[in-house]
Structures are given as structure tokens and as C-alpha cells.
Amino acid sequence: MARHLLVISCVMLFIAVAMEKEAFSFVIIVLIICCLLSWKYKQLLYFLPMLLLLMIIYQSSAEQSFRKSAPDFLKSFKISAEPLIDGDRFQAIVTQGKQTSKMSYVMNTENEKDALRHIKPGDNLQISGETRSPNRAKNPHQFDERLYLKYQHIHHVITAVSIEKLADSKPSWHTKILQLRHYLLAVVTEKAPSKVGSYTRALIFGERDSLEEETVEAYRSLGVIHLLAISGLHVHLIGASLFMIALYSGATRRLSASLAIVFLLFYLVLAGANAPVVRAVSMMCLLFLNEIIPSKISTFTALIISFNLQILLDHYQLFSIGFQLSYAVCLGLVLSRNIIRQSQSRVVEGLKISIIATLMSLPLISYHFFEISLASIWSNLIFVPIYTLFIIPACLGTALILPLFEIPTPLLTLFEKVLSLSETFAIKLNELPFNTYITGRAPLVSYFIIVVLLWSFFIAWERKCYLKTLTLLLIITILSLPIQTQWSNKGRVVMIDVGQGDSLFIQLPNNKGNMLIDTGGQFDWQPREEWQKRKRVYTIGKNVLNPTLKALGVSRIDQVILTHSDFDHMGALVELAEEIKLGEIIIGRGSASDKLLATMLTKLKAIPQREVVEGDELVLGKIRFTVLNPQAEGGIGENRDSVVLHAVIAGKSWLFTGDMEKEQEQRIMKEYPKLGLDYLMVAHHGSKHSTDATFVENMQPKEAWISVAEKSRYGHPHPEVLEILANNNVRIRSTALEGALIYHFDY
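Cut-offs applied
- Residues numbered from 1 in each chain as written.
- Predicted model: local features only at pLDDT ≥ 70, side-chain atom pairs only at ≥ 80, totals over all residues.
- Heavy atoms only, no water.
- Helix = DSSP H or I, 4+ residues; strand = E, 2+ residues; numbered from the N terminus.
- Buried < 20%, exposed > 50% of the residue type's maximum accessible area, 1.4 Å probe, protein only.
- Arc of directions from axis to C-beta.
- Polar contact = N/O pair within 3.5 Å; in protein donor to acceptor, adjacent residues only side chain to side chain.
- pLDDT = per-residue confidence, 0-100.
- Contact = heavy atoms within 4.5 Å.

**Points about unusual backbone geometry**
Residue Pro 630 is bonded to the preceding Asn 629 through a cis peptide linkage, with omega at 5°. As for its position among the elements, Pro 630 is in the loop between strand E18 (623–629) and strand E19 (644–649). Residue Pro 717 is reached from His 716 by a cis peptide bond, and omega for that bond is -10°. With respect to the helices and strands, Pro 717 occurs in the loop between strand E22 (703–706) and helix H27 (719–727). One non-glycine residue with positive phi stands out, namely His 153, at about 65°. Looking at the element boundaries, His 153 is found in the loop between helix H5 (145–150) and strand E6 (156–165).

**A word on helix H24 (residues 595–603)**
For H24, the full list of buried residues reads Leu 597, Met 600 and Leu 601. Looking straight down H24, one finds that the buried residues subtend no more than 95° of arc, so they occupy a single side. For H24, the exposed residues set more than 90 degrees away from the buried face come down to Lys 595 and Lys 603. Between the side-chain oxygen of the N-cap and the backbone nitrogen of Leu 596 there are 3.2 Å, and the N-cap of H24 in question is Asp 594.

**Some remarks on the confidence of the model for the chain**
Predicted confidence across the chain gives a mean pLDDT of 88, with 91% of residues reaching 70 or more. By mean pLDDT, helix H2 (residues 24–41) is the weakest element of the chain at 50, and strand E13 (residues 559–562) is the strongest at 98. In the model, residues 22–26 has pLDDT below 50 throughout and makes four contacts with residues more than four positions away in sequence or in other chains.

**A few points about the side chain of Thr 439**
Tracing the backbone through its elements, the reader meets Thr 439 in the loop between strand E8 (436–438) and helix H18 (444–463). Among residues more than four places away in sequence, those in contact with Thr 439 are Ser 366, Phe 370, Glu 371, Ile 372, Leu 481, Pro 482, Thr 485 and Gly 553.

Right under this line is the structure:
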């Protein structure tokens, strides 16, 4: 049976992917094969893919109608999941009929925040606001809001301006469990100390929102982020503990297993029912069935059945990172059970499990996050026992006891100290060098090769033959991922979409040199009270610049040029230096007189720094960048003091302008009358204070690139600038309209 189910799983996987990519001819071929298999082997199981196809077609046609019709603000909305409050921001998933939307609202007062804390799943709301379609990814391989929400069956985003709670309606049994979950989360948050509450919310209820961002990042870098989410480890501890308690209480094995199944299904909803929890719960329930009915469901069979059930119920789960990692790691552990059984001690067994889990997740981690953890194996050896033996049981005890009784303060204090120590230890470990290895997103064929090598490696490990050879091949292939990502006979100029700011990346072919002109940056000038401060703060460096560069396989930048001291040009510098090695920082003479820039440069004093003026040259491989501004006397880092660079890249003339103004344009035009341009980086995001008509007429660029935010609050680019460019037959390209702008060149 397991063999048939494995074939079915592969077929269903291909159908789900093909339907998503609209490869209908491929789907038809696969379905014909399924029918032939069903006829030959007399296995009705092979009709499962046909059922999947019908469900996908029905689901897709229904969702098409949802995309076309926007939510109706005259009608009420229902909260369908646990709302999230972070500082002054309230977020919730809301439904209207069968249509689901994501709603976001900024609270105005602390009293309003206290009132909204009582909003729970099942509540009806009257919402006023604006609706929009989710955004597509603006930079290469970056977060795609449209796809992310689509895979959750959400097709609209609501920005609310007011929220009013309406009368309650009769809740369904599912809503009642979600409301119980809301109550338990509130009790844990109110009664437990800060860290105890945060960890209990994360490890028992699947709500990681209250954990400190620094802690989450440390666990992610160390490769133990799975410990902060509900996984098979947590579910196994809960299910096995309940089964053993029932047995010791005198219940039969059949009754104990039945009780465990009922509780696990209840806990599935209570824990949020995400893909890893569904996988773990469904597998454990199937294995408990062996105690109730005369069946021989193996762990492998349970895994395959669980996989098929999830795909049948929601084929979009296939595109969830949690789903992919959960099934990949579990598959590796199940198929490697003989390797694990050969262990001579618990320590060796733990080491083998850690190695297998790390290797199975490696291709997916590299593909989705562009880097892998080099500390994962030994970090799991340290942290998994701590969580298994103490932290998870303590969190479970807190969740069970606190709603009913008071827990002695000394116990909670002790637990809080243990959590603080584990956090501090993780953060200190994360500060060690060489914890992560940036791979970029390599070609798909590279990951296919790694999967084949992993399969061969595990077989060799089990049979104890050719192990050294395959280990060496696997290590070489993994370490060469950055080379495979960057290896290209073409270089590129990328205007990264950083919203209202500037950041230009220049990479020579085969990664023989990298330069970054400005980093972008977004400064929150609005003073915030304590209740308004958010734990999850969006920054250009962390959320845009660093992931984009990592996706391109960039682990080092030879030269970072900061054109001037405006925050939207240099604000992400420190965040950039925290994750990517910088060879040199270059600024215009006098720019360091700006206090904020001076503070940043002081923090990064270990990195070589220098000032440039007109006439200086910067060299990147064979490309020479001539500095046209600031003049010899320098400046104070204002727009007129911007570092302006001219370069000839693969026979094309480029001008990088920063925020220079019309006065500097006139001087450059007079001093360099024969400059001539092919590509003009439009100064100051298309402001009317730059891009003078005479300058454009004189330089005659063929293409103008504008780095500007969509719906810029400053009204950039100015209509007058667009008219000047259009009148001179200049092709206009903008990050607001296209996202990142990319030019490939031969070297």
C-alpha cells in the first residue's frame, strides 16, 4: 500500500504544480497515466489525482470570482482568525460571505487599543476604508504579497480608517474553539511573566508575534527556528504524554489511543492548524489507529496519507514553506530510520537526527532564504534537549494550569530566568563569525543535483559504502551554490526598488566585482508613545536591501558609495554591514559633518572609509567611475553635495546623480559638454528641483531611470520633469511602475 500511495503522492504533487502554472497539457497526460495505472493494477487509489484535479478546477473558478469582486463596505465582516496587535497596528483576517480579505488598521489612542484587545474570532465588524489588490514582488526573488495571500485564499487587502464592533452572531463549533484559543492566549499574556507568556503563545498555540525580533533572528541564523514553532516534536510530546497518562490511569490501550486522537484533533484547531501541525497531528492519529483497529499503518504510510490529505483539502499548501520543510525533514528521518537505529548512544542518535534534518532542509532553506546555517547541526544538539526536557513541558504546563489555578511566583520566575538565559546564549552564539553561508538562489538544476546527491548519500551511509566520496561531492556542490548563482558572462546594473529612496547595485560578470551606490532608508520621524511602539518594524535594510542582495548571491560588496547624507540614501548602511561584508565606504568630501552619517560611520570604523571630490576615479574591474561632484571644497552632505559619477559600461554612457540639483547640472553641462549619455539616473526621484530642460537637451540620454515610491508623498516624479524627458524622446522607466530595473551587459 505504501508503494501505491507514494506513486499517488508524486502524481498529485505534479498535478498541483502544473495546475498552478497552467500546464494543462501536462495535466492531461498525467491523468491518462493514472487511468491506465488504475486499470492495470485494479487500484481505485489511482483515481485520487482525478479527484484532486476536480477540486482544483472548482476552487480556482470560485476564487476567480472573488478576485473580480471587491469587498462591500456596506456589509459587515467577520473575524475568521486570531487578530494580531503590534504597537498601534491591528491586523485581522476577515470574511464576507465566502470572500476573505486581510485587514490592517492603525489605532489612534491607547483606550482604543485596550478595547480592540477584546475582539475575537467570530466577532462581526463594520469597517470603513480602502481596498486594494495585493502587491507583486518588486525586487528579484523577493516577498510576493500577491502569491503569499493567494495561497491563503486571500485576494484583497483592506486599509481600515474605522472599525465598529457589531452584535455577536451564533458561533459554529470551529469558531467556539477559536474563541477558547483567544481566551487562553489572553490569560497566558495577562497572568504569566513576559517571556513565559511569549514562549507559551509560540510553542503551544503557534502565535510567535510576541517574541523579540532579535531572538527570532538568532534562532533562524543558528538553524533552530523550528523550535519556536509547533512541530512534530511538540505534537509527539503532547500526544505521547496523554496516551501514557491514560494508560497509567487504568484505561485500555484502545481507549487511551481514542482519547489521544480526540484531544489531538481538538488541539489541531487550538494550535492554529498550520501545515506542520496538520502533518504531525494527522500522522500521530493514523499511528494511534493501530491501537484501535487491526491495521498495520507504518510511519511511512502515515506520512504519505497525511501528505495526500493535505493536498486534497488544499493544494495551495504545497507552496507553503512550512509544508515543504515539514514533509521534507520528516521524509528524511523516516527513510533513514535504519541509520538512526545503528546509533550506539543517545548522543550519537541525536547527532544523526540533527545531520539528517539539516541536510533534508538545506535545499529548501537555500532556495527560499538564500543562505544556510553552518551552525545548525551543533545548535540542534544543544537546544533540542533543552526544549524537549524542560521548555516545551513547562510551556505546556503553563498553558494547562494558568487558566485554572495560580502558579507559584517562584516557579514562574525560575522559568523566566531559564528562558532569558537560553535567549542570551542563542544571541551570543549568533554573534560568532561564520554562522551563515550566503548561497543566493541558484538555478533549479543545482537543487535537483543536491537532492540526487542527498539520496545517494543516505543510501551510502546506510550501506557504509562510497560514503567519503559522496560526502565530498555533497560538500563541494553545496559550497559552490554561490558560484552557480553568480556565474554569468553578463554583468548587471540593478536599480533596487527601495520605495522613496535610492539604491543602485552594479555587479561585474562572474562576480568579479560589486559596487553599491546608496543603500536606501526609511526613517520614522513621528514620535511614538510606548503603547504605539511595534516589535515588528519594517526597515529597508532588513526587509528589502539585504534579502535582494543575498538572492543574487552577494556576500561581499567591494565599494559602497553614499552620495550624500539624506536618510533615504544612506539609512540602511548599518543593517547592510551587519549581514554583508563591505570592502570600503566612500562619501563626498564634508558629508561626515552630518551628525547621523557621522554616527553610522563611527559604528563602522573597522571598515576602510574615504572621501572623494571632482576629478577622483573609482575603479571596479575594467570600469572607471569619474567623480563629477562635489567640487574640491566639499560640502556638508546636502543634495547639492551629492557624489555624481560617470562611467562607460560596456560601451554605454551612464550618469549616477544622487540628489544633485539644477545648479550642479548646469556646471556639469558646461565643464563636460561632450559627456553624452545613454542612461540617466534621474536626480532626486524626479523632483522639479532637478532635471532641467537644457541639461536633458544637452546630454540627450536615451533612457531615464527614476527611483521613486509608488504614490510618493512628495508627488515625485514631478509632471514637469516627465514632460521634459518625453519632449526629448527619452524612454522613462520607474521603480514605482516596474519594480527593480535591471540592465545586463557584456564585459
